[in-house]
Amino acid sequence: MVFWSPTQKPQALVGCVRTHTLETILRNIWDGIVTSAPLDQANLVLGVLGVWLMIKRTLWAFPVGLLAVTVQGVLFWRSRFPADATLQIFFLGALAWGWWHWVHDRGAAPELPVTKLTWSGRIVTVVAAAGATCLWALTIGPWTGAVMPWRDAFIAAFSVAAQFLQARKNLENWPVWVAVNVVAIASYWRADLAYTAFLYAIYLVLALVGWREWRLAMAKMNGLSERMANAARQGTSAPTSGT
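Below: a short report on this structure. The model shown is predicted, which means the values in this text are computed figures rather than measured ones.

Attention shifts here to helix H3 (residues 38-55). Between its first and last C-alpha, H3 extends 26 Å over 18 residues, near the 26 Å set by a 1.5 Å rise per residue. Taken as a whole, H3 has its buried residues at Asp40, Asn43, Leu46, Gly47, Gly50, Val51, Leu53, Met54 and Ile55. At the C-terminal side of H3, Arg57 shows a positive phi close to 60°.

Right, dumping it as structure tokens:
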């Protein structure tokens, strides 16, 4: 999910940050907040709320995420970014499938457990996302006249990978989101778009929190499973030792 608000012009977003003083940066961030269109503000609120609910591993993350992606798609379509608008269709499908997967495949458990990819799975994910980055930058980038085609391509491709891993409830989705946000922050900061960099900084913090929370949840689930397995083994072996 790409979080830039496409209806805002760079000047409306932040002005030009030529002198990177703290006062100037804060003023530009504030200007970006107060000059945002209502739909842009709704997009930001829904995006942050959706990520926070995902951190908490609640199913409410999916309807909120679906609404956020829909708003994002409308913003891109209105601003005549067809490639980015089309990309939101994938996010809609991934969120819908993830919702079904989290409910259907949890069985009798209260929730679907957090899992980790194998090393081969991690390699395949990175290689596939890197290949998609090159394809996007060399084809869609020139077609859309992108100013930063490789940045756009990296964010799009690795966001798709992260969303897919998140739908599968793989822990690795969070480090991928971290990478996406770091690249976005650096790119927008160099382009003097402090407000947009600020938005991605919010998502970077959320991704780091999500990475920690899901790792702790996975360790807790694994510990509980191990204790249940030990209890089951002790229960089955007790009658045998008494004969």
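Alright, that's what it looks like, and here's the rest.
Counting 49 residues, the largest nonpolar core has Met54, Phe158, Trp174 and Trp214 as its most contacted members. When contributions to this core are tallied by element, the ones reaching two or more residues are H3, helix H4 (61-78), helix H5 (82-104), helix H6 (119-144), helix H7 (149-167), helix H8 (173-190) and helix H9 (194-242). The element that contributes the greatest number of residues to this core is H7, accounting for 9 residues. If sequence neighbours within four positions are ignored, Phe158 has contacts with Val126, Ala129, Ala130, Thr133, Val176 and Val180.

The phi dihedral of Arg57 is positive, around 60°, even though this residue is not glycine. Structurally, the position occupied by Arg57 is in the loop between H3 and H4. Backbone geometry at Lys169 places phi at a positive 65°, although glycine is not the residue there. Secondary-structure assignment places Lys169 in the loop between H7 and H8.

On to the side chain of Gln166, then. With respect to the element layout, Gln166 can be found in helix H7. Look at Gln166 and you get buried, because its relative accessible area is 7%. Ignoring anything within four residues of it in the chain, the contact list for Gln166 reads Met54, Trp102, Asn173, Trp174, Trp177 and Trp214.

Reading the values: the criteria
- Residues numbered from 1 in each chain as written.
- Predicted model: local features only at pLDDT ≥ 70, side-chain atom pairs only at ≥ 80, totals over all residues.
- Heavy atoms only, no water.
- Helix = DSSP H or I, 4+ residues; strand = E, 2+ residues; numbered from the N terminus.
- Expected span 1.5 Å × (residues − 1).
- Buried < 20%, exposed > 50% of the residue type's maximum accessible area, 1.4 Å probe, protein only.
- Core = buried A, V, L, I, M, F, W, Y, C linked by side-chain atoms within 4.5 Å.
- Contact = heavy atoms within 4.5 Å.

Purely spatial values, then, with no claim about function.
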